[in-house]
Amino acid sequence: MEDIGKKDNGIDISALEQSHQNSEILNIPQLQIRPGETICLQGENGSGKTSLLRVMAGLGKNCKGSVSVLGQNLASIKYQELERLRADYIGFVFQYYRLVPYLSAFDNIMLPCHFSARRRREAIGRAAAKHIDVPSVGQRKDSAIMQKVSEDAFRLIRKLSLKDPSRLSKNASDYSAGQQQRFAIARALIGNPRLVLVDEPASAMDTKGKRAVYELILNECRETGATLVCTTHDDMSDMGFDRYLDMGELNLAKEPEIR
Amino acid sequence: MILFKIMRSSLVRRKVRLVVSTLALAFSVMLLLTLVHIDAVVHRYAKHLSASTDLVVGAPAQSSHLVLYSLFGIGTPPPDLPSDIYNNLRDNPEVSRAVAVSVRESHRGFVVTGVTSGYFDMLHLNTEAGDADGSTGLPSFSDRLSVLIGSNVATSLKYKEGELLTVAAGFMPSYEDEYQTRFVIQQILPATGTTIDDTILVPIEGLTFARAQHGLAASNIISYIMVKLHNRQALLAMQQVFSRQAGAPVEVAIPAVELQLLTDYEEMINTVMMAMIAIISALALVMVFFNLSASFAERRQELELLRMVGARPIQIASLTLAEPVGQVIVAIIIGTLSYFIACAGLHYFFPAMIGLELSLQQVSWLLLVFMAGFSFACLPAWKIYAVSRRI
Ligand SMILES: Nc1ncnc2c1ncn2[C@@H]1O[C@H](COP(=O)(O)OP(=O)(O)OP(=O)(O)O)[C@@H](O)[C@H]1O
Ligand SMILES: [Mg+2]
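Thoughts on the overall build of chain A
- Looking only at helices and strands, chain A has eight helices and nine strands in total.
- Per-residue burial for chain A yields a buried fraction of 56% across its 259 residues.
- Intrachain contacts of chain A at a sequence separation of at least 6 include 73% that bridge at least 24 residues.
- When the accessible area of chain A is evaluated, it comes to approximately 11400 Å², of which 48% is carbon and sulfur surface.

Given below as structure tokens:
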């Protein structure tokens with residue numbers, strides 16, 4: 001599994017079909033995303049954006065066809081490998097349930113680093129402003145290590161222009177919707193995931209904030225070479241994503257009855 | 001550790017329900033322990049008492065009255081009985097030991113009990129049930145005019161060994177009821193937690209002498225006779241024999257029978273209480289259970305998120321399991337502690353309620369409560385595990 005990040009693999013989807021109770025949700029004959037490519041996924045409500053992101057994260061149910069993520073075939077991947085793939089290499093933001101509401105904002109951001117040694121290492125390397133592996137970190141997870149990891153969290157938080165990084169001790173649910181989205185983005189980006197999946201990460205933000213946030217996501221992914229798939233309803237045509245995909249064209253699933 | 005943080009935060013969110021259900025469980029644990037203890041004490045006590053005294057012979061009266069008064073000091077003293085009945089009975093070859101007891105006099109509000117020498121052997125047996133250190137040498141009268149006083153008597157009247165006292169006929173005596181004979185306090189008996197503590201013990205010969213000195217015609221009377229047989233098999237037969245041979249109408253009561261009635265009542269109450277405790281515990285456990293499982297639907301997204309950041313199903317499930325298991329453990333600890341406190345409190349009123357340790361039976365009850373709580377906790381945890389596993 002350790003070699004996933006080094007392999008040049010993006011996402012490879014062919015003949016993907018997903019249905020729920022006889023109604024087809026996804027039907028994507030072919031979709032290839034190169035490693036390091038940044039994709040903006042657009043489309044009207046119910047066109048299947050969220051469903052596609054979930055499939056990429058290995059959360060899709062009743063899927064047919066082949067989906068390969070970072071070189072791993074999700075149809076045949078072993079349970080533990082999927083677990084590692086997600087923890088070590090995928091950063092994500094759900095459209096709705098973005099944070100664990102009863103954990104502090106800070107703990108939420110740090111969450112992936114608690115479960116992944118790789119992301120701890122990467123976060124520390126990042127905080128030291130160098131792209132180096134930090135072998136001394138190993139599996140350790142003590143407070144000194146987490147302290148170093150948190151420096152990277154604060155770097156992201158500052159970039160997300162959150163005013164008071166020191167005061168992130170409130171429960172996540174006590175922050176405004178826009179603030180919560182920023183925390184979720186920081187969590188998705190911490191520890192240099194190879195694949196970043198974000199589902200309408202800025203829907204609750206003001207126009208100025210939106211652009212800053214998308215810029216940050218794009219910059220972070222470009223710096224680390226991560227593959228990015230981002231859905232949005234906003235006009236992001238001038239943001240400089242590598243590719244803009246229209247879900248209406250991509251997804252051949254027959255029109256759902258209610259739109 | 002983040003798992004611990006997650007658990008603590010989710011605990012805090014539901015603290016009121018959590019505290020209530022934990023306390024309910026702790027309460028039923030305490031009741032359970034207390035009940036088991038009372039049950040054991042009552043049975044042990046009853047067994048001891050009925051082993052020490054096979055028969056109680058008295059003037060015609062309710063047999064339960066005789067037993068309750070002679071063994072527990074409950075009720076009023078039974079009517080008088082001529083003492084030659086005691087002499088007849090003592091010489092019966094079936095009798096191992098017979099003790100005549102006279103309860104007709106008092107001293108400054110305390111009952112004066114006249115006894116024959118064998119009394120202390122029986123007393124020893126009687127108090128052992130309630131007293132751990134009652135095994136040091138048996139007291140005995142050195143003289144027919146020496147008395148032994150109970151610890152409460154000594155404290156409230158501030159008596160010391162060697163002081164003199166007089167006794168008076170009846171329990172609310174007037175001036176002329178007072179006997180002239182002086183008795184010497186030979187010894188202050190150690191506290192036993194039984195009625196002995198409130199008693200002044202006098203040799204029955206001393207009482208007879210004092211009554212005669214006072215000019216009472218009926219100086220030779222007693223209240224009842226406690227009998228121990230060589231062979232308990234002869235119990236019913238001897239009951240018949242005594243009734244016939246006494247030479248006067250008598251009541252011959254069998255403590256074992258009366259105590260059986262008592263323990264039967266106790267068991268009945270016990271069963272009812274146990275049922276109540278079972279209901280309380282079940283309700284508490286159901287509360288613990290619903291605390292967890294009520295929010296299953298809303299937790300689905302939370303589980304997805306935790307899974308996506310790398311939490312393993314077993315970690316997530318152990319959170320779900322640790323919470324109610326911890327709750328049950330806390331409840332058992334609180335319950336046991338408050339049981340000890342309750343015991344210490346009860347010990348003040350009923351010295352037989354001693355016990356700052358748990359009996360095997362109590363420990364197995366606690367284990368049962370824990371196992372029940374654990375199984376209850378396993379259901380939601382297993383469900384969480386199964387759901388997480390599929391994410
Ligand atoms: N859990 C589900 N059960 C049944 N149908 C679902 C489920 N999730 C999504 N769908 C269906 O799949 C289709 C695509 O939904 P999806 O959420 O992917 O759309 P979307 O493009 O993300 O929409 P939006 O822009 O509103 O977020 C919809 O028709 C929806 O009804
Ligand atoms: Mg969506």
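There is more to say after this.
Quick word on the side chain of R194(A)
- Topologically, R194(A) is positioned in the loop between α6 (177-189) and β7 (195-199).
- One polar contact links the side chain of R194(A) to the main-chain carbonyl oxygen of G225(A), over a distance of 3.4 Å.

Concerning the pairing of strand β5 (residues 146-149) of chain B
Residues and elements named next belong to chain B.
- The two faces of β5 match: S146 and L148 on one face and V147 and I149 on the other face are all buried.
- Here β5 pairs with strand β8 (residues 183-188) via four bridges, running parallel. The residue bridging S146 from the neighbouring strand is V184, located in β8.
- Bridge count between β5 and strand β9 (residues 199-203): two bridges; the pairing is antiparallel. What sits directly across from L148, in β9, is L201.

Here we look at the sheet that holds strand β1 (residues 11-20) of chain A
Residue and element names in this part refer to chain A.
- With antiparallel pairing, the four strands of this open sheet are ordered in space as β2-β1-β4-β5. Both edges of this open sheet fall to β2 (23-33) and β5 (72-73), since each of them pairs with a single strand only.
- Taken together, the nine bridges between β1 and β2 define a ladder with antiparallel strand orientation. Note on β2: the bridge partner recorded for H20 is S23.
- The sheet strands contacting helix α1 (residues 49-56) are β1, β2 and β4 (63-69), and the helix crosses β2 at an angle near 60°.

Some remarks on the pattern of salt bridges
- Applying the stated criterion to the full structure yields 18 salt bridges over all chains.
- Between E304(B) and R54(A) there is a salt bridge, with the nearest N and O atoms lying 2.6 Å from each other. In this pair, E304(B) sits in helix α10 (residues 296-308) while R54(A) sits in helix α1, so the two residues belong to two different chains.
- If you follow the salt bridges from partner to partner, you end up with D152(A), R155(A), K159(A) and E220(A) in one network.

A look at helix α12 (residues 360-389) of chain B
- Compared with an ideal rise of 1.5 Å per residue, which puts 30 residues at 44 Å, α12(B) spans 41 Å between its outermost C-alpha atoms and is within 8% of the ideal.
- Every buried residue belonging to α12(B) is among Q362(B), L366(B), V369(B), G373(B), A377(B), P380(B), A381(B), I384(B), V387(B) and S388(B), and all of these are buried.

Examining the confidence of the model for chain A
- In this model, chain A carries a mean pLDDT of 85, and residues with pLDDT of at least 70 account for 88%.
- pLDDT under 50 marks residues 131-135 of chain A. Its contacts with residues more than four places away, or in other chains, come to ten contacts.

Brief notes about the coordination of the magnesium ion (ligand 2)
- Around the magnesium ion (ligand 2), the protein supplies T50(A) (OG1) and Q95(A) (OE1) as donor atoms, at distances of 1.8 to 2.1 Å. Taken together, the residues span a long stretch of sequence, with T50(A) in helix α1 and Q95(A) in the loop between β6 (90-93) and α3 (105-115) at a distance of 45 residues.

Quick notes on the interface of chain B and chain A
- Every contact between the two is made by 26 residues of chain B and, on the other side, 25 residues of chain A.
- Approximately 2500 Å² of surface area, both sides summed, lies buried where chain B meets chain A, with 65% of it carried by carbon and sulfur atoms.
- The interface formed by chain B and chain A includes three salt bridges.
- In this structure, R307(B) and E83(A) form a salt bridge, with 2.9 Å as the shortest nitrogen-oxygen distance.

Here we look at the site of ligand 1
All names here are of chain A.
- The environment of ligand 1 is formed by 14 residues, the closest being G46, K49, T50, S51 and H233.
- G46 is positioned with one of its backbone polar atoms (N or O) 2.8 Å from an oxygen atom of ligand 1.
- A distance of 3.3 Å separates an oxygen atom of ligand 1 from a polar backbone atom of S47.
- Considering ligand 1 on its own, with 630 Å² of exposed area, one finds that the protein chains cover 62% of that surface.
- For the shell around ligand 1, the element with the highest residue contribution is α1, accounting for three residues.

Some details on a nonpolar patch on the surface
- A contiguous nonpolar patch, built from V19(B), L23(B), V330(B) and I334(B) and spanning about 310 Å² of accessible area, is present on the exposed surface.
- Among the secondary structure elements, V19(B) is positioned in helix α2 (residues 15-52).

Some details on the sheet that holds strand β9 (residues 243-246) of chain A
All names here are of chain A.
- Overall, parallel pairing links the five strands, which are arranged β6-β7-β8-β3-β9 in an open sheet. Unpaired on one side and paired on the other, β6 and β9 mark the two borders of the sheet. Direction aside, the axes of adjacent strands within the sheet are offset by 15° on average.
- The pairing of β7 with strand β8 (residues 227-231) spans five bridges and is parallel. Residue L195 lies in a different strand from β8, and its bridge partner there is T227.
- Across the sheet, helix α2 (residues 79-89) lies against β6 and β7, angled at about 75° from β6, the strand it touches most.
- In this fold helix α7 (residues 207-224) packs onto β3 (38-42), β7 and β8, with an angle of close to 160° to the strand it touches most, β8.

Reading the values: rules and limits
Residues numbered from 1 in each chain as written. Chains lettered and ligands numbered in written order. Predicted model: local features only at pLDDT ≥ 70, side-chain atom pairs only at ≥ 80, totals over all residues. Heavy atoms only, no water. Helix = DSSP H or I, 4+ residues; strand = E, 2+ residues; numbered from the N terminus. Buried < 20%, exposed > 50% of the residue type's maximum accessible area, 1.4 Å probe, protein only. Contact = heavy atoms within 4.5 Å. Areas by Shrake-Rupley, 256 points an atom, 1.4 Å probe, with all protein chains shown as cover. Polar contact = N/O pair within 3.5 Å; in protein donor to acceptor, adjacent residues only side chain to side chain. Pairing = 2+ DSSP bridges. Axes fitted to C-alpha atoms, helices over the stretch in contact; angles between N-to-C directions. Salt bridge = Lys/Arg side-chain N within 4 Å of Asp/Glu carboxyl O. Expected span 1.5 Å × (residues − 1). pLDDT = per-residue confidence, 0-100. Donors = N, O, S within 2.8 Å, 3.2 Å for Na, K, Ca; no water. Buried area = accessible area lost by both parts, 1.4 Å probe. Near = heavy atom within 4 Å. Patch = residues over 30% accessible without salt bridge, like charges linked within 9 Å, V, L, I, M, F, W, Y side chains within 5 Å.

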